[in-house]
Amino acid sequence: MSVMDNIIQKAKANKKKIVLPEGTEPRTLKAAEIVLKEGIADLVLLGKEEEIREKAKGLDISKAEIVDPEKSPNLERYAKEYYELRKNKGMTEEEAERLMRDPMYYGCMMVKLGDVDGMVSGAIHATADVFRPAFQIIKTAPNVKVVSSAFIMEVPECKYGSDGVFIFADCAINPNPTAEELAAIAIASAHTAKVLAGIEPKVAMLSFSTKGSASHELVDKVKRATEIAKELAPDLLIDGELQVDAAIVKEVGELKAPGSPVAGQANVLIFPDLQAGNIGYKLVQRLAKANAIGPISQGLAKPVNDLSRGCSVEDIVNVIAITSVQAQGIV
Ligand SMILES: CC(C)(COP(=O)(O)OP(=O)(O)OC[C@H]1O[C@@H](n2cnc3c(N)ncnc32)[C@H](O)[C@@H]1OP(=O)(O)O)[C@@H](O)C(=O)NCCC(=O)NCCS
Ligand SMILES: CC(=O)OP(=O)(O)O
């Protein structure tokens, strides 16, 4: 069974309610029809009802709940809640009500207050627009300092990683993580590998240097992050700094990093910053025709997931299923 088949089966076994703030977006509506038909999740679509119905002509979304934030009886309550959350940051009651009319903010408040179990958005919004309200309203899970994201990458006909399955992180959220943040991203991604992708994590901390082959402050950050992660998670199979060929190709790993417990066999690839991570995942997705599942958020108190604006209908279905499984508390 593929990684995604397994996740969809788990989602169906304990159905959750997911809000889709981009309720008038055509790929989202097609995905909604599939999700409802297959019983993957219950859905709430946000937007103006007439517009949603017009855009959904020919699709069966009859089981979806439709909510227009502007007309919702909950608007005032949600705005008050948001004001209370943000008043020490200078939020006014007027601004809180204005923001709560935005489906992204409204959706996050639905998640926060337990009116739905999770949120998926980002087919027509940039990542920052999805996560800023999530960070402000839902916040991090207990003991988590940094929210990050991971992709499950399924590379066809690939002998590297776990038969072509990898976790790539962080490819969507943290532009330039500190060594401490990079260590936290590595540990969170190992967890995602285990519980969501079903693979035993072997974590490579990527760089343009392998075990001191280059000297630079950028390399020092990756070395420090590796040390911190080893201290925080002594049982984790993790090594760095490693170039990506040394991380995944056995012969190169043996040559460049002899004796490493990870080199040549890594299946969790931690990129040193967001330039590398975002470029890296899109290259593998497009050139190697990999299935890029995500970005999957790691470390929020309740699940909110982003999409790439280049996503397909299938990608949206997948991320809804992942969000449901996260909401079950398995992740
Ligand atoms: C994610 C992102 C929007 C954070 O937003 P930002 O504008 O920097 O937000 P701020 O620094 O004003 O922080 C807003 C709040 O989020 C919190 N926050 C920001 N990044 C966070 C993180 N990674 N984890 C947890 N909380 C975070 C801040 O602490 C702050 O909380 P507060 O307002 O309650 O004090 C920003 O890092 C970003 O734009 N990342 C790149 C996204 C992107 O373009 N990805 C590429 C395509 S996928
Ligand atoms: C994850 C990501 O890169 O999203 P987008 O393509 O929308 O910027």
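Note that the coordinates shown come from a computational prediction; the quantities given were computed from them, not determined experimentally.

Asks: For the UniProt feature "domain: Phosphate acetyl/butaryl transferase" (unreviewed entry) in the protein chain, give the residues involved together with the corresponding values.
Replies: Following the UniProt record, the feature "domain: Phosphate acetyl/butaryl transferase" (unreviewed entry) maps to residues 3–323 here. End C-alpha to end C-alpha, residues 3–323 measures 15 Å, and it is 45% helix and 16% strand.

Asks: Give a detailed account of the site of ligand 2, specifying residues and quantitative values.
Replies: With respect to spatial proximity, the complete set of residues near ligand 2 consists of Thr 127, Asn 278, Tyr 281, Lys 282, Leu 307, Ser 308 and Arg 309. A distance of 2.8 Å separates an oxygen atom of ligand 2 from a polar side-chain atom of Lys 282. At 2.7 Å, a backbone N or O of Arg 309 approaches an oxygen atom of ligand 2. The protein chains hide 88% of the 260 Å² of surface that ligand 2 would expose on its own. Partitioning the shell around ligand 2 into residue classes produces 2 nonpolar, 3 polar and 2 charged.

Asks: If you had to explain the site of ligand 1 to someone new, which residues and values would you point to?
Replies: Lining the immediate environment of ligand 1, one finds 15 residues, of which Arg 86, Lys 89, Val 147, Ala 172 and Ile 173 sit closest. Here an oxygen atom of ligand 1 sits 3.1 Å away from a polar atom, N or O, in the side chain of Arg 132. Contact between ligand 1 and Asn 174: a nitrogen atom at 2.9 Å from a side-chain N or O atom of the residue. Protein contact buries 62% of the 930 Å² of open area that ligand 1 shows by itself.

Asks: Which residues make up unusual backbone geometry, and what values go with them?
Replies: With an omega of -20 degrees, the peptide bond running from Ala 169 to Asp 170 counts as cis. Summarising the element assignment, Asp 170 is placed in the loop between strand S6 (165–169) and helix H8 (179–195). The amide bond that connects Gly 294 to the next residue, Pro 295, takes the cis arrangement and shows omega of 0 degrees. Checked against the element boundaries, Pro 295 lands in strand S10 (residues 291–298). Backbone geometry at Lys 139 places phi at a positive 65 degrees, although glycine is not the residue there. Tracing the chain through its elements places Lys 139 in the loop between helix H7 (127–138) and strand S5 (148–154).

Asks: Tell me about helix H12 (residues 274–287), and please be specific about residues and values.
Replies: Under the 1.5 Å per step criterion, the end-to-end length of H12 is 19 Å for 14 residues, consistent within 8% with the ideal 20 Å. Taken together, the buried positions of H12 are occupied by Leu 274, Gly 277, Gly 280, Tyr 281 and Gln 285. Looking straight down H12, one finds its buried side chains confined to an arc of 140 degrees; they lie on one side. Residues of H12 that are exposed and point more than 90 degrees away from the buried face comprise Gln 275, Arg 286 and Leu 287.

Asks: An account of the sheet that holds strand S8 (residues 238–242) is requested, with residue identities and associated values reported.
Replies: Reading across from one edge, S8-S7-S9-S6-S5-S10 is the order of the 6 strands in this open sheet, with mixed pairing throughout. Each having just a single partner strand, S8 and S10 make up the two edges of the open sheet. Strand-to-strand twist across the sheet, computed as the mean angle between neighbouring axes with direction ignored, equals 20 degrees. As defined by bridge partners, S6 adjoins strand S9 (residues 268–270) across 3 bridges and the pair is classed as parallel.

Asks: Requested: an account of the side chain of Ser 189, with residues and values cited.
Replies: With respect to the helices and strands, Ser 189 occurs in helix H8. Setting aside residues up to four positions removed in sequence, Ser 189 forms contacts with Ile 167, Ala 169, Val 268, Ile 270 and Gln 298.

Asks: Please provide a residue-by-residue account of the confidence of the model for the protein chain, values included.
Replies: Do not read the predicted coordinates in detail wherever pLDDT is low. Looking at the protein chain, pLDDT values average 97 and 99% of them are 70 or higher. Interface scoring of the predicted complex returns ipTM 0.95; its pTM is 0.93.

Asks: So what's going on with the pattern of salt bridges? Which residues, and what values?
Replies: Under the criterion given, the structure shown has 18 salt bridges. A salt bridge links Glu 95 to Arg 98; the nearest nitrogen and oxygen atoms lie 2.9 Å apart. Of this pair, Glu 95 and Arg 98 both sit in helix H5 (residues 93–100), 3 residues apart, which is roughly one turn of the helix. When the shortest N-O distance is used, the salt bridge between Asp 239 and Lys 211 registers 2.6 Å. You can see Asp 239 sitting in strand S8 and its partner Lys 211 sitting in the loop between strand S7 (203–206) and helix H9 (217–232), a full 28 residues away along the chain. Beyond isolated ion pairs, a larger network of salt bridges with shared partners links Glu 70, Glu 97 and Arg 101.

The rules behind the values
- Residues numbered from 1 in each chain as written.
- Chains lettered and ligands numbered in written order.
- Predicted model: local features only at pLDDT ≥ 70, side-chain atom pairs only at ≥ 80, totals over all residues.
- Heavy atoms only, no water.
- UniProt positions renumbered as here; feature names shortened; annotations may be inferred.
- Helix = DSSP H or I, 4+ residues; strand = E, 2+ residues; numbered from the N terminus.
- Near = heavy atom within 4 Å.
- Polar contact = N/O pair within 3.5 Å; in protein donor to acceptor, adjacent residues only side chain to side chain.
- Areas by Shrake-Rupley, 256 points an atom, 1.4 Å probe, with all protein chains shown as cover.
- Nonpolar A, V, L, I, M, F, W, Y, C, P; charged D, E, K, R; others polar.
- Expected span 1.5 Å × (residues − 1).
- Buried < 20%, exposed > 50% of the residue type's maximum accessible area, 1.4 Å probe, protein only.
- Arc of directions from axis to C-beta.
- Pairing = 2+ DSSP bridges.
- Axes fitted to C-alpha atoms, helices over the stretch in contact; angles between N-to-C directions.
- Contact = heavy atoms within 4.5 Å.
- pLDDT = per-residue confidence, 0-100.
- Salt bridge = Lys/Arg side-chain N within 4 Å of Asp/Glu carboxyl O.

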